[in-house]
Amino acid sequence: MSIQAETLSFDPDALALKYRQERDKRVRPDGNNQYQEVVGEFAYFVEDPYIKETLKRDPLVDEVEVVIIGGGFGGLLAGARLREAGIHDFRIIEKGGDFGGTWYWNRYPGASCDIESYVYFPLLEKTQFVPKQKYTNAPETLEYCREIATHYELYGNALLQTEVRATDWDEDLGRWIVSTNRQDAIKARFVVHSNGPLNRPKLPAIKGINDFKGHTFHTSRWDYDYTGGNALGNLSNLADKRVAVIGTGATAVQCVPHLGAAAKALYVFQRTPSSIDVRNNQPTDPAWMAAQKPGWQEDRRRNFESIMTGAVVKEDLVSDGWTEAFRLLFGSIRDKAPSKLRLLGWAITGLADKKRYELGLKEYLTQKAALHMDLTRALELADFEKMEKVRARAASVVEDPETAEALKPYYRQFCKRPCFHDEYLPTFNRPNVTLVNTDGRGLDQITETGIVFDGVTYEVDCIIFATGFEVGTDYSRRAGYQITGRDGLTISEKWAKGLSTFHGMHTRGFPNAFFFGPAQSAFTATYTYSLDENSLHLAHILSQAKARGCERIEASAAAEEQWVQTIIEKARLTAEFQSQCTPGYYNNEGHVNVNPQNNTYGGGPIEFFALMKKWRSKGDLQGLELS
Ligand code: NDP
């Protein structure tokens, strides 16, 4: 259904102005530098609180064909797909005490995934695992990671509790030397870097942050010894504690209801509110699952991601808050599409006659510009309408009008990670819970006993940082290790002025190294889908190399240059939208396209996957130098 400006229940111009004002007051010149790196005196924020017993073993100085760094879904999928391809000589190195990655670290109360489990859990048809609910929780996701590791016999290939410190290319040996915190020096022909895009916790660089004498931790290292309870809640030790949470992103939205239910007093420090839509979780119907036909999962996740990129599909298989948002957005412009075709028709029918053609072309270009404006406007109106509903929900659920107003997000829905939750907003009706709305500014100071904002000190026993993870910083800083390639060139040096890769996976000067992740590659809401595509791509290349007896793979300079140009070109498609968004890690903290090559593939994941499939089907590994 199209949205007509005349029938709107809101003033779009007033909203556009409000969005701009809200954005402008949040953009900071220091961008990513506003955050404190968790090193030195802050290093305790990243210690592993979950290891029961420290593993003891001798250093390894052996050799394997492939080292995979990271035992999250990326490492698991890489291992699984290599096994399927008949490549078994690999080792997965993981700093945590088990597989799981994100799900190993993020065990905070309420942690769960709001991407439907039937699309989020990869390899379901292989493992025959049946998730208990449409939206799974963190314990079940961690269990599923172990299930994949068991199913594909990956524990035998794992080096757990082992942190990579460096990978160095030895040109004479034609091998990578992988060094770890356990004095290992493992030789590997190939190295896969799958260290996670949201791996490194970040802290706000607030004055006095290290002065606090109470208890403190980051949500990705939850201290259950202090709070009591577990990932399902029941934080009984907090009954006599005053707790502060800093941040109101997707993580805070999930843990705040549990903190509100347990703490004597809870202060939620908000800089920007999240959009909170309906979640509506449901148990899995095993009969429905059993009735699915082979290939159902690939169809389902493709269907989901297609809707998310505005493609027309026959049916919305997932049918939830994500797909509804996109259907509303793109449905509103679809009935304008025939006129686009009509315009094209004019230009083509005019081709036979030069004068008619010129007239047709002129008309086409004018109309095309008008149509573009029309579509952009229609998208904006549909977004306003959706966000008005999200704001109305806050107003109807939260009793105190001032708090309700502060919880209303004023930006377009996909400027930040949308959240889906049914208990977050009601938590602010509890008498022990206070929202401290910093209105885009952030807190002023942390003292020995509490947090200062706007001249008021909030005395607390515990500060929990729900402040997210580093995204736009140097690759080796986020990975936690340096990569030194041919001729002593480090990855930090190579990418100092911007990313440069071939397909996001290879980078010249670093032979036999493979990179997983969304940089210069696909960005999907279902991140495991991208990782699975990465893994299939990796398995294809390594199988081909093996079949041809190749020992060395490196992107050609020309292929890499061309890919960087493609990324820059496609980045223009999303730049206008991104630059109007409130800052966050989605838009490089508001500093859009400073390095246009530091983007994901702007054509969207479905187009990217199709491109990679076509490249693989040619079978000639074009763009890679093999020897
Ligand atoms: P985010 O980066 O999304 O959120 C960090 C929060 O900290 C923001 O609210 C930010 O405010 C706030 N913040 C930063 N600095 C300050 C400051 N100085 N003062 C006050 N507040 C500050 O991290 P999350 O851990 O919440 O989420 C990271 C990602 O993990 C999500 O985007 C999502 O991809 C994934 N995730 C998914 C979940 C799901 O499936 N439901 C659940 C949890 C995480 P501001 O917005 O103003 O920058």
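Residues numbered from 1 in each chain as written. Predicted model: local features only at pLDDT ≥ 70, side-chain atom pairs only at ≥ 80, totals over all residues. Heavy atoms only, no water.

Draft legend 1. Region of interest: the state of the cysteines. Under the counting rule described, the total for this entry stands at one disulfide. Two residues share a disulfide in this structure: cysteine 415 and cysteine 581, whose sulfurs sit 2.0 Å from each other. Between cysteine 415 and cysteine 581, the S-S dihedral sits near -75°, and the bridge is therefore left-handed. Of this pair, cysteine 415 sits in the loop between α14 (401–406) and β13 (419–420) while cysteine 581 sits in the loop between α19 (557–579) and α20 (605–618), and the two are 166 residues apart along the sequence. Residue cysteine 415 shares its accessibility class with cysteine 581, and that shared class is buried. Of all cysteine sulfurs, the one in cysteine 462 lies closest to cysteine 255, which takes part in no disulfide; the gap is 11 Å. Classification of cysteine 255 as buried rests on a relative accessible area of 0%. (Disulfide = S-S within 2.5 Å. Helix = DSSP H or I, 4+ residues; strand = E, 2+ residues; numbered from the N terminus. Buried < 20%, exposed > 50% of the residue type's maximum accessible area, 1.4 Å probe, protein only.)

Draft legend 2. Seen up close, the site of the ligand. What surrounds the ligand is a group of 25 residues, the closest being Thr251, Arg271, Thr272, Lys416 and Tyr585. One nitrogen or oxygen atom from the main chain of threonine 248 is found 2.9 Å from an oxygen atom belonging to the ligand. Here threonine 272 contributes a side-chain N or O atom positioned 2.6 Å from an oxygen atom of the ligand. Coverage of the ligand by the protein chains reaches 88% of its 910 Å² of free accessible surface. Among the elements that take part in the shell around the ligand, helix α8 (residues 250–262) stands out by supplying three residues, more than any other. Here the shell around the ligand is composed, by residue class, of eleven nonpolar, ten polar and four charged. (Near = heavy atom within 4 Å. Polar contact = N/O pair within 3.5 Å; in protein donor to acceptor, adjacent residues only side chain to side chain. Areas by Shrake-Rupley, 256 points an atom, 1.4 Å probe, with all protein chains shown as cover. Nonpolar A, V, L, I, M, F, W, Y, C, P; charged D, E, K, R; others polar.)

Draft legend 3. Fine view of the pairing of strand β2 (residues 63–69). Most of β2 is tucked away, with five of its seven residues classed as buried. By the bridge criterion, four bridges tie β2 to strand β3 (residues 90–93) in an arrangement that is parallel. In the sheet register, isoleucine 69 faces β3, and the bridge partner there is isoleucine 93. Where the polypeptide runs from β2 across helix α2 (residues 73–84) and back to β3, its parallel neighbour, the crossover connection is right-handed. (Pairing = 2+ DSSP bridges. Right-handed = clockwise from strand over helix to strand, strands pointing away.)

Draft legend 4. Structural context of the sheet that holds strand β16 (residues 450–453). Overall, antiparallel pairing links the three strands, which are arranged β15-β16-β17 in an open sheet. Each having just a single partner strand, β15 (445–446) and β17 (456–459) make up the two edges of the open sheet. Bridge count between β16 and β17: four bridges; the pairing is antiparallel. Paired with phenylalanine 453 across the two strands is valine 456, which belongs to β17.

Draft legend 5. Looking closely at the confidence of the model for the protein chain. For the protein chain, the average pLDDT comes to 92, and 93% of its residues sit at 70 or higher. Here residues 341–352 scores under 50 on pLDDT; set against residues more than four positions off or in separate chains, the count is 13 contacts. (pLDDT = per-residue confidence, 0-100. Contact = heavy atoms within 4.5 Å.)

Draft legend 6. Just the side chain of histidine 421, in detail. Relative to the helices and strands, histidine 421 is located in the loop between β13 and α15 (424–427). The class for histidine 421 is buried, based on a relative accessible area of 9%. Here the side chain of histidine 421 touches tyrosine 424 through a polar contact of 3.3 Å, landing on its backbone nitrogen. Apart from residues lying up to four places away in sequence, histidine 421 is in contact with Val253, Gln254, Pro257, Ile276, Asp277, Arg279 and Arg393.

Draft legend 7. Spotlight on the sheet that holds strand β11 (residues 265–270). As summarised here, the arrangement of the five strands in space is β9-β18-β10-β11-β14, forming an open sheet in which the pairing is parallel. The sheet is open, and its two borders are formed by β9 (215–218) and β14 (433–437), each paired with just one other strand. Within this sheet the neighbouring strands show an average axis-to-axis angle of 15°, counted without direction. With five bridges joining them, β11 and β14 adopt parallel strand pairing. Residue pairing across strands places glutamine 270 opposite asparagine 437, the latter belonging to β14. (Axes fitted to C-alpha atoms, helices over the stretch in contact; angles between N-to-C directions.)

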